[in-house]
Amino acid sequence: MKGKRLRSINFILWISFLAFAAFILIMTWVFQTTLLRQFFISEVKADLEDIGGNVYRRISELMRAPNVADDGIDVYIALEQYNNPSVNIYVLDESGDCLYPTEMNAPSEDYNVGVDQDVFNVVFEELCNAGTDKGVIVRIDDGNYVYSARFTRTDGQSSDNYLYINYSTELSESAFSMMEKELIVIAVVVVFVALIISALLSMELTRPIARFTRAARRMAKGDFTVDFKGEYTYAEMDALAETLDYAKEEIGKSDQLQKEVLANVTHDLKTPLTMIKAYASMIQEISGDNPEKRAKHTQVIIDESDRLTALVNDILNLSKIRSGMDSLKLQEFNLSEFIHTVLERFDYLTETKGYTLVRDIDDELYTEADTEKLEQVVYNLVGNAVNYTGEDKKITVSLKKAEGGKIRFSVTDTGKGIPPDEIDTIWDRYYRSTETHKRPIKGTGLGLSIVKTILVKHGFEYGVESEVGKGSTFYVLFPEK
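Keep in mind the model is a prediction, meaning the values are calculated, not measured.

Caption draft 1: Seen up close, the overall build of the protein. A count of helices and strands for the protein gives 10 helices and 12 strands. Looking at the protein as a whole, 35% of its 481 residues are labelled buried. In the form shown here, the protein has an accessible surface area of approximately 28,800 Å², with 54% of it arising from carbon and sulfur atoms.

Caption draft 2: How the structure looks around helix H10 (residues 447-458). A rise of 1.5 Å per residue sets the reference length of H10, with its 12 residues, at 16 Å; its end C-alpha atoms lie 17 Å apart and thus fit the reference within 8%. In terms of residue burial, H10 counts as a mostly covered element, since 9 of its 12 residues are buried. Immediately beyond the C-terminal end of H10, within one or two residues, lies Gly459, with a positive phi of roughly 80°.

Caption draft 3: Inspection of the pairing of strand E5 (residues 161-168) at higher detail. With 7 of 8 residues buried, E5 is to be regarded as a mostly interior element. Direction of pairing for strand E4 (residues 144-151) relative to E5: antiparallel, over a ladder of 8 bridges. Looking across to E5, one finds that Ala149 is bridged to Leu163.

Caption draft 4: Highlighting the packing of helix H7 (residues 335-343) against helix H9 (residues 371-388). Running from amino to carboxyl end, H7 crosses H9 at an angle of 55°, the nearest separation of the two axes being 10 Å. One way to sum up the angle between H7 and H9 is to call them oblique. Here the hand of the crossing between H7 and H9 comes out right-handed. On the side of H7, the interface is formed by Leu335, Phe338, Ile339, Val342 and Leu343, while H9 contributes Thr371, Leu374, Glu375, Val378, Tyr379 and Val382. Its residues placed into classes, the contact of H7 with H9 shows 9 nonpolar, 1 polar and 1 charged.

Caption draft 5: Inspection of the sheet that holds strand E11 (residues 461-467) at higher detail. Strand order in the open sheet formed by 5 strands is E7-E9-E10-E12-E11, with mixed pairing between adjacent strands. Strands with a single pairing partner mark the edges of an open sheet, and in this sheet they are strand E7 (356-361) and E11. Taking the axes of each pair of neighbouring strands and ignoring which way they run, one obtains an average angle of 15° across the sheet. As defined by bridge partners, E7 adjoins strand E9 (residues 394-402) across 6 bridges and the pair is classed as parallel. Each residue of the ladder has a partner; that of Arg359, found in E9, is Val397.

Caption draft 6: Expanded view of the pairing of strand E1 (residues 87-92). With 5 of 6 residues buried, E1 is to be regarded as a mostly interior element. Bridge count for E1 against E5 is 6 bridges, and the pairing is antiparallel. Each residue of the ladder has a partner; that of Asn88, found in E5, is Asn166. In textbook terms, the turn of a hairpin is the stretch between consecutive antiparallel strands, and for E1 and strand E2 (residues 98-100) this stretch comprises 5 residues, one of which, Gly96, has a positive phi near 90°.

Caption draft 7: Looking closely at the pattern of salt bridges. Within this structure, the stated rule accounts for 10 salt bridges. Of the charged contacts, one joins Asp362 and Lys400 as a salt bridge, the two residues approaching to 3.0 Å between their closest N and O atoms. Note that Asp362 is positioned in the loop between E7 and strand E8 (366-369) and Lys400 in strand E9, a separation of 38 residues in sequence. For Asp362, a relative accessible area of 26% corresponds to the partly exposed category. What makes Lys400 partly exposed here is its relative accessible area of 28%. For Glu465, the salt bridge identified is with Arg408, shortest N-O distance 3.3 Å.

Caption draft 8: Focus on the nonpolar core. One finds Leu335, Ile339, Leu381 and Phe409 to be the most contacted residues of the largest nonpolar core, which totals 40 residues. For this core, the secondary-structure elements that each account for two or more residues are H7, E7, H9, E9, strand E10 (406-413), H10 and strand E12 (471-479). Per element, the largest residue contribution to this core is 7 residues, and it comes from H9. Those residues in contact with Leu381 that sit more than four places away from it in its chain are Phe409, Val411, Leu448, Val451, Phe474 and Val476. Tyr56, Ile59, Tyr76 and Leu163 belong to the second-largest nonpolar core, a separate cluster that totals 24 residues.

Caption draft 9: Spatial organisation of the environment of Phe151. Take Phe151: it is sitting in strand E4. The spacing of Phe151 and Tyr56 is 95 residues in sequence and 8.3 Å in space, taken between C-alpha atoms. In contact with Phe151, not counting residues within four places along its chain, are Tyr56, Ile59, Ser60, Met63, Val91, Asp160, Asn161, Tyr162 and Leu163.

Caption draft 10: Molecular detail of the side chain of Thr367. Along the chain, Thr367 turns up in strand E8. One polar contact links the side chain of Thr367 to the main-chain carbonyl oxygen of Pro479, over a distance of 2.6 Å. Sequence-distant contacts of Thr367, defined by excluding residues within four places in its chain, comprise Gln331, Glu332, Phe333, Leu335, Phe478, Pro479 and Lys481.

Caption draft 11: Examining the packing of H9 against H10 more closely. Orientation of H9 relative to H10, taken along the N-to-C sense of each, is 140°, at an axis distance of 9 Å. The hand of the H9/H10 crossing is left-handed. Contact with H9, carried on its side by Lys373, Gln376, Val377, Asn380, Leu381 and Asn384, involves Gly447, Leu448, Ile450, Val451, Ile454, Leu455 and His458 of H10 and no other residues of that element. The residue makeup of the contact of H9 with H10, split by class, is 7 nonpolar, 5 polar and 1 charged.

Here is what the cut-offs are and how they apply
- Residues numbered from 1 in each chain as written.
- Predicted model: local features only at pLDDT ≥ 70, side-chain atom pairs only at ≥ 80, totals over all residues.
- Heavy atoms only, no water.
- Helix = DSSP H or I, 4+ residues; strand = E, 2+ residues; numbered from the N terminus.
- Buried < 20%, exposed > 50% of the residue type's maximum accessible area, 1.4 Å probe, protein only.
- Areas by Shrake-Rupley, 256 points an atom, 1.4 Å probe, with all protein chains shown as cover.
- Expected span 1.5 Å × (residues − 1).
- Pairing = 2+ DSSP bridges.
- Axes fitted to C-alpha atoms, helices over the stretch in contact; angles between N-to-C directions.
- Parallel < 35°, antiparallel > 145°, perpendicular 65-115°, else oblique.
- Left-handed = near helix turned anticlockwise from the far one by under 90°.
- Contact = heavy atoms within 4.5 Å.
- Nonpolar A, V, L, I, M, F, W, Y, C, P; charged D, E, K, R; others polar.
- Salt bridge = Lys/Arg side-chain N within 4 Å of Asp/Glu carboxyl O.
- Core = buried A, V, L, I, M, F, W, Y, C linked by side-chain atoms within 4.5 Å.
- Polar contact = N/O pair within 3.5 Å; in protein donor to acceptor, adjacent residues only side chain to side chain.

Below you can see the structure in the form of structure tokens.
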């Protein structure tokens, strides 16, 4: 198709794997840089708020308690910082000078007594704006948070003291930075591995398809010896191979049948045409002046013309039914009376040919179908039984109620039966039994194929029961109305 852009499955799978790998990497990056960091910050604030609340309450108690020396507050601060190595705890005056811990009682040698004045001013301003004495957390920079609270003086002094807890996340931030670098390396490795794996996997997945394509091209050229089956890793490919093999067999049968039909039609058309030409020549050259011979020869021409017309009509009917051009005209009718009417066309066989037509037909059975096409079904089935019945020339036609709201119509002959290996082929166009038979009814070899096509179009169940040496029974199940 003009303008249609086609891409190979290999390319699509390759791009899909890469896109999937890229999606996973992007989601990991988003999780690490956004979600994980936000979660970490929330945990830091919760931890800092918990530590700050406990420290605030305990120092408040120590400040209000009588006879508590400064060493008591220093000892408590040292103990808390020992239990929480990430924090530095201070008690500051209103100017930002450190009251506790005192320099001589600092928790460790590297403990920095005092805070940056600019930082204190920022925290002090946030605390004032919050309008509360405790529970204010301020982020100073990417690696530090401060918990601030006010100790209201009750000893008559005008100035208040402040709790200042610094929480350092420098180690965590370093870990995050390292993780980001590692993620870049991982992304490069993942993309490289995805390239290799996607290429190998796409080749593995498309190898059977390429094999199917090659075999299908050979089959399209008429080579029906191709085999789609093989050792496949995937169940779907194995199922597809079985389906393609089945399609190949059916197409092969259809191709063979088409050749047989062409040969048979050619033969069946050629025979009456040859006869018509031969007897017309005989009339012209031999029997033109002999009324008796001329009548005999012209009757042969008429019979062969009728046979030729019947063949052409059957081929046209079969083609129209199979192509869907001949739509069904359904109507409800008395099937019992209908069968009797069709069987009357065979009365001349019982009167002149010695045939016995046994009728076992229940009365007042109704169904819904296309009567014109159903007439072809009944006539062809009975005619087939006449052609193949045994020496006793007996045919039994039955119409009975069956289970499930069905009506069973059957035609039974006493012929030699159908071999089991031919049961499935008797409905094919131009099927010919290996047994010789008389043909008192003019036939074209398309009867059972027409029957099958009409019944399939109606959706009726049908079949044949046969035993070699004992005859055959063809049946149809009609819906009862």
